[in-house]
Structure formats: structure tokens, C-alpha cells
Amino acid sequence: YFLLERESAIVHVPDRLRLLGQPARAPALLPFERRFAEQLFDAILGVDDPARSGLPAFASLDHGGFWQALEQRTAPHVAAGLRATVHALNAAPLLMSGAHRPLCRLSRTERIACVERLAEHNSYLVRQLLATAKILACFAYFEHDAVRMHLGGEAAPAKEQQSCAA
């Protein structure tokens, strides 16, 4: 859905949910939360050997465009859900046996193993939180032309330049 809507803003947000009187929307995630989210997304995708697969590692890509589109083109309540998802999944290792640190403090290998355990968790809520993060991880990763083209897709269409006639 996000990919379908990325070229045109969502305009059906009820007025009571709009940020009235504010010139700019607050960021969906604060910088430290973005780092948490990107570490989570990297563990979910788990591209281990870019030389062998030909795919770039998630961490090697600039995701600024993804975050900007997410902040500008989604309904305001999406940020609250994203924030809750990131914090819940970051805290999940603390509640699991064997890990005494949040996800952001684990090594990459430990994060990948933790994500695999979360995918098999008996709680439906935990699995749904992870599924939401998986979807967003794919959106962030496939935002890049190099990734799509390597997998047989096409580059994103060039945005048309709008000129002002004087």
C-alpha cells in the first residue's frame, strides 16, 4: 500500500487527526529510534554476503528517502504505531530467556537469531509486530533501484519536473 501511495499524498485523513496549526509534521521516529528500526530491518532481511548474492547490505544503503516518504505521505497515526512496534521489538530480547540486553545492544548475529526466535514466538501479537516490521523493512530496502533491478525489477520512474511559467 505504501508503495502504491508514494507518488501521491494520502488526502483522506480525518481533520481531527491532522496536525492543525503546525507548518511541519513531527518525524515518524527520532534519530535514535531510526537507528533501532534500521538495525531491526537489517536483522529481518539478513543479507549476509553482498559479494555472493550481489545484493547490497541493508546498512550500506541510505534510507533517508524512505523515512522522508514515510513521514510525508502516511497518515499521522502511522508514526505512533511504528514507534510502538520499534520499541516493543527492541525490548523483546529482555523478555526472552538468554538475552539480557535490548535488540539494539546485540551483535548483528545475535539480532538475526533473536528475530528468528520472534518469528516462531507463540504470541500472535509478537508475530504481528514482526510482520509489520518485515513489511517496512522490505519497503525501505526495495526503495533502492539497485536492489529492484538486481532482482529483475525496474527502476523507479523519474519524477516529472514541474516548471513555473513566468
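Owing to the predicted nature of the structure, the values given are computational and were not obtained by experimental measurement.

Definitions and cut-offs
- Residues numbered from 1 in each chain as written.
- Predicted model: local features only at pLDDT ≥ 70, side-chain atom pairs only at ≥ 80, totals over all residues.
- Heavy atoms only, no water.
- Phe/Tyr/Trp six-rings, centres within 6.5 Å; stacked < 30°, edge-to-face > 60°.
- Helix = DSSP H or I, 4+ residues; strand = E, 2+ residues; numbered from the N terminus.
- Buried < 20%, exposed > 50% of the residue type's maximum accessible area, 1.4 Å probe, protein only.
- Expected span 1.5 Å × (residues − 1).
- Core = buried A, V, L, I, M, F, W, Y, C linked by side-chain atoms within 4.5 Å.
- Contact = heavy atoms within 4.5 Å.
- Salt bridge = Lys/Arg side-chain N within 4 Å of Asp/Glu carboxyl O.
- Axes fitted to C-alpha atoms, helices over the stretch in contact; angles between N-to-C directions.
- Left-handed = near helix turned anticlockwise from the far one by under 90°.
- Nonpolar A, V, L, I, M, F, W, Y, C, P; charged D, E, K, R; others polar.
- Polar contact = N/O pair within 3.5 Å; in protein donor to acceptor, adjacent residues only side chain to side chain.

Draft legend 1. Representation of the packing of aromatic side chains in the model. Going through the model one piece at a time under the given rule, you end up with six aromatic pairs. A ring pair is formed by F41 and W67, whose centres lie 6.2 Å apart and whose planes are at 10 degrees; its orientation type is stacked. Of the two residues, F41 sits in helix α2 (residues 31-45) while W67 sits in helix α4 (residues 64-73), which places them 26 residues apart along the sequence. With relative accessibility at 1%, the residue F41 sits in the buried group. A residue is classified by how much of its surface remains accessible, and W67, at 1% relative accessible area, is buried. With 5.8 Å between their ring centres and 80 degrees between their planes, Y141 and F142 make a pair best called edge-to-face.

Draft legend 2. Looking closely at helix α7 (residues 124-142). Relative to the 27 Å expected for 19 residues at 1.5 Å per residue, α7 spans 27 Å between its end C-alpha atoms, a close match to the ideal helical length. All of the buried residues along α7 are V126, L129, L130, A133, L136, A137, F139, A140 and Y141.

Draft legend 3. The nonpolar core, seen in detail. Membership of the largest hydrophobic core comes to 38 residues, with the highest contact counts inside it found for F41, F66, W67, L82 and L118. Breaking this core down by element, the ones donating at least two residues are α2, α4, α5 (77-95), α6 (108-119) and α7. Per-element accounting of this core gives the leading share, nine residues, to α7. Non-local contacts of F41, meaning those with residues more than four positions away in its chain, are made with F58, F66, W67, A133, L136, A137 and A140.

Draft legend 4. Structural detail: the pattern of salt bridges. Under the defined criterion, the tally for this structure stands at five salt bridges. Salt-bridge contacts for E110 lead to R101; the nearest nitrogen and oxygen are separated by 3.2 Å. On the accessibility criterion, E110 (35% relative accessible area) is partly exposed. Where D145 meets R148, a salt bridge forms, and the shortest distance between an N and an O atom there is 2.3 Å. Of this pair, D145 and R148 both sit in helix α8 (residues 145-150), three residues apart, which is roughly one turn of the helix. Assessed through its relative accessible area of 14%, R148 is described here as buried.

Draft legend 5. Focus on the packing of α2 against α5. At a closest axis distance of 10 Å, the pairing of α2 and α5 adopts a crossing angle of 65 degrees. Here α2 runs over α5; the crossing is left-handed. Seen from α2, the contacting residues are F32, E33, F36, A37 and L40; seen from α5, they are R83, V86, H87, L89 and N90. Here the contact of α2 with α5 is built from residues that sort into six nonpolar, two polar and two charged.

Draft legend 6. Broad picture of the environment of E71. Relative to the elements of secondary structure, E71 occurs in helix α4. E71 gets classed as buried once you look at its relative accessible area, which sits at 17%. A polar contact of 2.4 Å, which involves the side chain of E71, links it to the side chain of R34.

Draft legend 7. The arrangement of α5 in detail. Between its first and last C-alpha atoms α5 spans 27 Å; for 19 residues at 1.5 Å apiece the expected length is 27 Å, and the two agree. Within α5, the full set of buried residues consists of A79, L82, T85, V86, L89, N90, A92 and P93. Looking at the buried positions of α5, the neighbouring elements they touch are α2, α4, α6 and α7.

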